[in-house]
Amino acid sequence: MTDPARRRVVITGLGPVTPVGVGLEPFWDSLTHGRGGVRPISRFDPVEAGLPVRVAGEIPDFVPGDWMEPKEVRRSDRVTHFAIAAARLAWQDAGEPDVDNARTGVMFSTGIGGLESLLKQHAIFLEKGADRVSPFMVPQLMPNASAGHVAMSLGFTGPNACITTACAAGAHAVGEALRWIRDGMADVCIAGGTEASVIPLTLAAFSQMQALTRSDDAEHASRPFDRDRDGFVLAEGACALVLEDAERAAARGARVYAEVAGYGASADAYHITAPEPEGLGAIQATQECLKDAAERPDAVDYVNAHGTSTQLNDAAETRAIKKALGDHAHRVPVSSTKSMTGHMLGAAGAVEAGVCALAVSRGVIPPTINYRNKDDECDLDYVPNEARTADVRLALSNSFGFGGQNAVLAIRRWGG
Amino acid sequence: MDKAELQDKVCSILSEQLAIPREKVTPEARFSEDLDADSLDLVEAVLALEEEFGVSIPEDEMEGVKTVGGAIDLVAQKTGANA
């Protein structure tokens, strides 16, 4: 039983900025029709850069000036441009409610931060010297810049922070913002994640880890849980969620997508990048999340998997789901929307919390596309290739970061 | 380069660096009050001017410069442009 006096927190706005769509309806339309956003890399020539990678999830037509003043665009990195766009979209989607700015927080995460700006200035430093380095480099590269810019652009003076837990950062952002509201530090919070790391150095480094697919078949490159999966597809973008104290949302007659009912976090304490093979950290986070939501494993109707399309993650995650949900695991639809979006690193957890909120509120489970061949180690129902209509009361969103940091969110139907 | 040409060039660079429409960047315009430029903007703008004109503008010389006209004079002095 949850404490009846504990504040409950609902999602009242969503702002996805992703390779499958910018804004809620284009995003959801792509996901529910199985349309992926992975394409040949267009921002630079990967062959000229000597990279073994050919595809990524980019947002090539994104125009920062549509969301920010020209000066703010110049002073911030692409990672912040995505964050501002996502936050503005989410706030509009929530109906731009009147709020007490001091009681409104921003928790905006990233895995990496403004690396492109850092590299540009490093090149200038080496080529032209210390006295040519831009004074904007630090505010462009620092991971917490996005949270700061979102607060400036919307005027919120409540708690403001950034959690950097690699591929789990977006999920930790939602979970920690949930706690801010529960604990009374804020009444409303913009929670999100952002990433802009589709750049040659990052692709080179992830390639050296054998983490990325080398496929040149963009459409079929991201294939979570498929036997022939061979690495993830790096993607960029952001997503913001408006979290709101449920009573406050009800009082203003807000449209509610779903409740953020539970949050569990853990560490593998095993290896800096490889998942613990039995999924022990993931199991622990799932159990903590269900306890926090006061739900039993067999109440779960959908799992949005971390599902990166690497051999190690997808096998370990499958084992973890089976252990955490028991026999029920074989009856639960599990899908990886990274099959369509690619892996947006620190933004992924926020995107996927949004997916769960929409699955709950709209009764549709997006598929795992590119699923062709069954892997003996991955034997669950992955909602292959086509969306499914389903009554989803309770959804889990899994996020596991390099560093061994895990976060699981429980998203529950509100008022039903 | 004569001074009119230099003035035009400085104004164009400042317009781009400060993301302010070119017509607002006049010699009379004050950096802080009229062009919304903070100290970081000014450092960045000076870098661009140094790069364009191949001069060096030490921080202490820029400190007293409050207007676009002041920056034009400083660059003119450094480059020896005709007044």
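Residues numbered from 1 in each chain as written. Chains lettered and ligands numbered in written order. Predicted model: local features only at pLDDT ≥ 70, side-chain atom pairs only at ≥ 80, totals over all residues.

Enquirer: If you had to explain the overall build of chain A to someone new, which residues and values would you point to?
Expert: Of the regular secondary structure elements, chain A holds 13 helices and 15 strands. Against the 2.2 N^0.38 benchmark of 22 Å for 416 residues, chain A shows a C-alpha radius of gyration of 20 Å, consistent with a compact globule. Its C-alpha atoms put chain A at 65 × 55 × 40 Å along the principal axes. Looking at the 416 residues of chain A, the share that counts as buried comes to 58%. Restricting to contacts in chain A with at least 6 residues of sequence separation, those with at least 24 account for 80%. (Helix = DSSP H or I, 4+ residues; strand = E, 2+ residues; numbered from the N terminus. Rg over C-alpha atoms; globule rule 2.2 N^0.38 Å. Buried ≥ 20, exposed ≤ 12 C-beta atoms within 10 Å, placed from the backbone. Contact = placed C-beta atoms within 7 Å.)

Enquirer: Now, about the overall build of chain B: what can you tell me, with residues and values included?
Expert: Secondary structure summary: chain B contains 5 helices and 0 strands in total. Scanning chain B from its N terminus toward the C terminus, one meets helices and strands in the order α-α-α-α-α. By the compact-globule yardstick of 12 Å for 83 residues, chain B fits well, its C-alpha radius of gyration being 11 Å. Its C-alpha atoms give chain B principal-axis dimensions of about 30 × 25 × 20 Å. Taking all 83 residues of chain B together, 24% fall into the buried category. When contacts within chain B are restricted to residue pairs at least 6 apart in sequence, those whose partners lie at least 24 apart make up 59%.

Enquirer: Give me helix H4 (residues 115-128) of chain A: which residues, what numbers.
Expert: All names here are of chain A. In a regular helix each residue adds 1.5 Å, so 14 residues correspond to 20 Å; H4 covers 20 Å between its end C-alpha atoms and thus fits that length. Elements in contact with the buried residues of H4: helix H3 (78-93), helix H5 (137-141) and helix H8 (200-208). Of the residues flanking the end of H4, it is Gly-129, one or two places downstream, whose phi is positive at about 110°. (Expected span 1.5 Å × (residues − 1).)

Enquirer: Report on unusual backbone geometry, specifying residues and quantitative values.
Expert: Generally, phi is negative for residues other than glycine and the peptide bonds are trans, each holding for most cases. Residues and elements named next belong to chain A. One non-glycine residue, Ala-269, lies in the positive phi region at around 50°. In this structure, Ala-269 sits in the loop between strand E9 (258-267) and helix H10 (280-293). Take Ala-269: there are 9 C-beta atoms within 10 Å of it, and that puts it in the exposed class. If you check the backbone angles, Ser-309 has positive phi at about 90° while not being a glycine. By the C-beta count within 10 Å, which is 27 here, Ser-309 ends up buried.

Enquirer: Describe the interface of chain A and chain B, and please don't skip the residues or the numbers.
Expert: Each side of the interface is counted separately: chain A has 7 residues, and chain B has 6 residues. Considered class by class, the residues forming the side of chain A that touches chain B number 3 nonpolar, 1 polar and 3 charged. (Nonpolar A, V, L, I, M, F, W, Y, C, P; charged D, E, K, R; others polar.)

Enquirer: Explain the environment of Val-351 of chain A to me, using residue names and the numbers behind them.
Expert: Residue and element names in this part refer to chain A. By secondary structure assignment, the location of Val-351 is in helix H13 (residues 348-362). Separated by 114 residues in sequence, Val-351 and Gly-237 have C-alpha atoms that sit 9.2 Å apart. In contact with Val-351, not counting residues within four places along its chain, are Pro-16, Thr-18, Gly-170, Cys-239, Thr-341 and Met-344.

Enquirer: Just give me the short version of H10 of chain A, but keep the residues and values in it.
Expert: Quick reminder: α-helices carry 3.6 residues per turn. Residues three or four places apart thus point the same way. Residue and element names in this part refer to chain A. In this model, H10 (14 residues) spans 20 Å end to end at C-alpha, consistent with the 20 Å of a helix rising 1.5 Å per residue. Most of H10 sits inside the fold, with 10 of its 14 residues counted as buried. Looking at the buried residues of H10, the elements they touch are E9, helix H11 (311-325), strand E14 (394-401) and strand E15 (405-412). Ala-294 lies just past H10 and shows a positive phi near 55°.

Enquirer: Account for the packing of helix H7 (residues 169-182) of chain A against H13 of chain A, naming residues and giving values.
Expert: All names here are of chain A. Their axes nearest at 5 Å, the elements H7 and H13 cross at an angle of 65°. Two secondary-structure elements touch here, H7 through Ala-169, Gly-170, Ala-171, His-172, Ala-173 and Val-174 and H13 through Ala-348, Gly-349, Ala-350, Val-351 and Ala-353. Classifying every residue of the contact of H7 with H13 by side-chain character gives 8 nonpolar, 3 polar and no charged. (Axes fitted to C-alpha atoms, helices over the stretch in contact; angles between N-to-C directions.)

Enquirer: Describe the confidence of the model for chain B, and please don't skip the residues or the numbers.
Expert: Residues and elements named next belong to chain B. Taken over all residues, the pLDDT of chain B has a mean of 92, while the share at 70 or more is 98%. Element-level mean pLDDT values for chain B span from 88 in helix H4 (residues 59-63) up to 96 in helix H2 (residues 31-35). Model confidence for the complex is summarised by a pTM of 0.96, with the ipTM given as 0.89. (pLDDT = per-residue confidence, 0-100.)

Enquirer: Could you give an account of the pairing of strand E5 (residues 104-110) of chain A, with specific residues and numbers?
Expert: All names here are of chain A. With 7 of 7 residues buried, E5 lies mostly within the body of the structure. Taking every second residue as pointing to the same face, both faces of E5 are buried, with Thr-104, Val-106, Phe-108 and Thr-110 on one and Gly-105, Met-107 and Ser-109 on the other. In this structure, E5 lies alongside strand E7 (residues 188-195), joined through 7 bridges in parallel fashion. Each residue of the ladder has a partner; that of Ser-109, found in E7, is Gly-193. Inspection of the sheet shows E5 paired to strand E6 (residues 160-161) by 2 bridges, in the parallel sense. The residue of E6 that forms the bridge with Val-106 is Asn-160. (Pairing = 2+ DSSP bridges.)

Enquirer: Any details on the environment of His-306 of chain A? Residues and values, ideally.
Expert: Residue and element names in this part refer to chain A. Considering the arrangement of structural elements, one finds His-306 in the loop between strand E10 (302-304) and H11. In this structure His-306 comes out as buried when scored by C-beta crowding, with 31 C-beta atoms within 10 Å. Excluding residues within four positions of it along the chain, His-306 makes contact with Asn-313, Glu-317, Asn-398, Ser-399 and Phe-400.

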